[in-house]
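Tertiary structure, described
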Amino acid sequence: MKKRSLIGALFVLIMTSTFAIETKYQQFGFNFSVPLVFESEEENGLKSDTSITSIAIGIDALTLYTDKIGLYANFEIVFPQKLSTELSYGGSTVSYDLSRDDYDSLWGLTALFGPAFCISKSDTGIVTISPGLHYILVFAETPLSSVSSYLLGIGVNLQKSFFFGDNGYISIGADLAYDFLGTTTTDGQSSSGTTRDLIFVPRVGIGFRF
């Protein structure tokens, strides 16, 4: 819980800071996405390959301090819907599927923060690309155990915003991320291993520009 609170507090501080300096352009909005996670994990000879399909809601902010350079931040609450896993050990392989109904609790948090680069901007819209640090937390609880997975890596956001009215916009875009540093905690006990997540997140949003 402390780690989740720290990440949330840090993100709020970042979002607030981006609006505290004189800027050329700003936008803030809400979004809906369908994160697709492809996870590979290996521990003590047991290899696990999992694909996770989720839905998510979030907020994002873009600030340009010059005509071309600024900051981008995105934060989402993720609700996994389906998990497909393949386990391999000693030449044997087992596959199984799970859904939200198989868990007492199943949710996650993701965040992406980094520099933003304006590719093009006109009276009708703006296109940006934003590489940066990516973080993901997934929490799962069943009657038998609880598991928390924390991963940090790199990611990039590509986004096109279409302007309407005096200050509105509609955005479409996507994130691509690769997470490779982190820990997994099972019933309070941390375990070591090798976990890699490749994440693709198509997204639509709506918001206000300033």
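These lines cover the structure that appears in this document, whether it is placed above or below. (Residues numbered from 1 in each chain as written. Predicted model: local features only at pLDDT ≥ 70, side-chain atom pairs only at ≥ 80, totals over all residues. Heavy atoms only, no water.)

**Concerning the nonpolar core**
- Membership of the largest hydrophobic core is limited to 11 residues, which are V37, I52, L83, Y103, L106, I136, A140, L151, A177, I199 and V201.
- For this core, the secondary structure elements donating two or more residues are β7 (125-141) and β11 (194-209).
- The residues contacting L83, other than those within four sequence positions of it, are S51, I52, Y96, D97, L98, Y103 and L106.
- Judged by nonpolar contacts, the second largest core, of 10 residues, contains L62, L64, Y72 and Y169. (Core = buried A, V, L, I, M, F, W, Y, C linked by side-chain atoms within 4.5 Å. Buried < 20%, exposed > 50% of the residue type's maximum accessible area, 1.4 Å probe, protein only. Helix = DSSP H or I, 4+ residues; strand = E, 2+ residues; numbered from the N terminus. Contact = heavy atoms within 4.5 Å.)

**Details of the packing of aromatic side chains**
- One pass over the full model with this rule turns up four aromatic pairs.
- Note on Y25 and F163: the rings are 6.2 Å apart at their centroids and 35° apart in plane angle, and the pair reads as tilted. Linking Y25 in strand β1 (residues 25-33) with F163 in strand β8 (residues 146-164), this pair joins segments that are 138 residues apart in sequence.
- Judged by its relative accessible area of 15%, F163 is buried. (Phe/Tyr/Trp six-rings, centres within 6.5 Å; stacked < 30°, edge-to-face > 60°.)

**Focus on the side chain of D179**
- Looking at the element boundaries, D179 is found in strand β9 (residues 168-186).
- Buried within the structure, D179 lacks any salt-bridge partner; its nearest side chain of opposite charge belongs to R196, at an N-O separation of 10 Å.
- At 3.2 Å, the side chain of D179 and the backbone nitrogen of G153 are in polar contact.
- Once residues lying within four places of it in the same chain are set aside, the contact partners of D179 are H134, I136, L151, L152, G153, I154, T195, R196, D197 and I199. (Lys, Arg positive; Asp, Glu negative; His and termini not counted. Salt bridge = Lys/Arg side-chain N within 4 Å of Asp/Glu carboxyl O. Polar contact = N/O pair within 3.5 Å; in protein donor to acceptor, adjacent residues only side chain to side chain.)

**Quick word on the pairing of β1**
- Strand direction decides the pairing type here: β1 and strand β3 (residues 46-64), joined by nine bridges, are antiparallel. Residue pairing across strands places N31 opposite G58, the latter belonging to β3.
- Sheet topology places β1 next to β11; seven bridges connect them, and they run antiparallel. What sits directly across from S33, in β11, is R203. (Pairing = 2+ DSSP bridges.)

**Observations regarding the pairing of β3**
- As paired elements, strand β2 (residues 36-43) and β3 share eight bridges and run antiparallel to each other. Bridge pairing links E39 to T50 in β3.
- Counting the residues between successive antiparallel strands, the hairpin from β2 to β3 contains two residues, one of them, N44, with a positive phi of roughly 55°.
- With 18 bridges joining them, β3 and strand β4 (residues 69-89) adopt antiparallel strand pairing. Paired with A56 across the strands is V78, a residue of β4.
- Between the end of β3 and the start of β4, which pair antiparallel, lie four residues.

**Considering a nonpolar patch on the surface**
- On the surface, a nonpolar cluster with roughly 920 Å² of combined accessible area is contributed by F32, I55, I57, I77, F79, F162, F164, I170, I172, V204 and I206.
- Looking at the nonpolar patch, the elements that each hand over two or more residues are β3, β4, β8, β9 and β11.
- Its place among the elements puts F32 in strand β1.
- Note on F32: relative accessible area 39%, which makes it partly exposed. (Patch = residues over 30% accessible without salt bridge, like charges linked within 9 Å, V, L, I, M, F, W, Y side chains within 5 Å. Areas by Shrake-Rupley, 256 points an atom, 1.4 Å probe, with all protein chains shown as cover.)

**What to know about the environment of D49**
- Among the structural elements, D49 can be located in strand β3.
- You can call D49 partly exposed: its relative accessible area is 27%.
- A C-alpha to C-alpha distance of 8.6 Å links D49 and S88, two positions 39 residues apart in sequence.
- Ignoring anything within four residues of it in the chain, the contact list for D49 reads E39, S40, S84, T85 and E86.
- At 3.3 Å, the side chain of D49 and the side chain of S40 are in polar contact.

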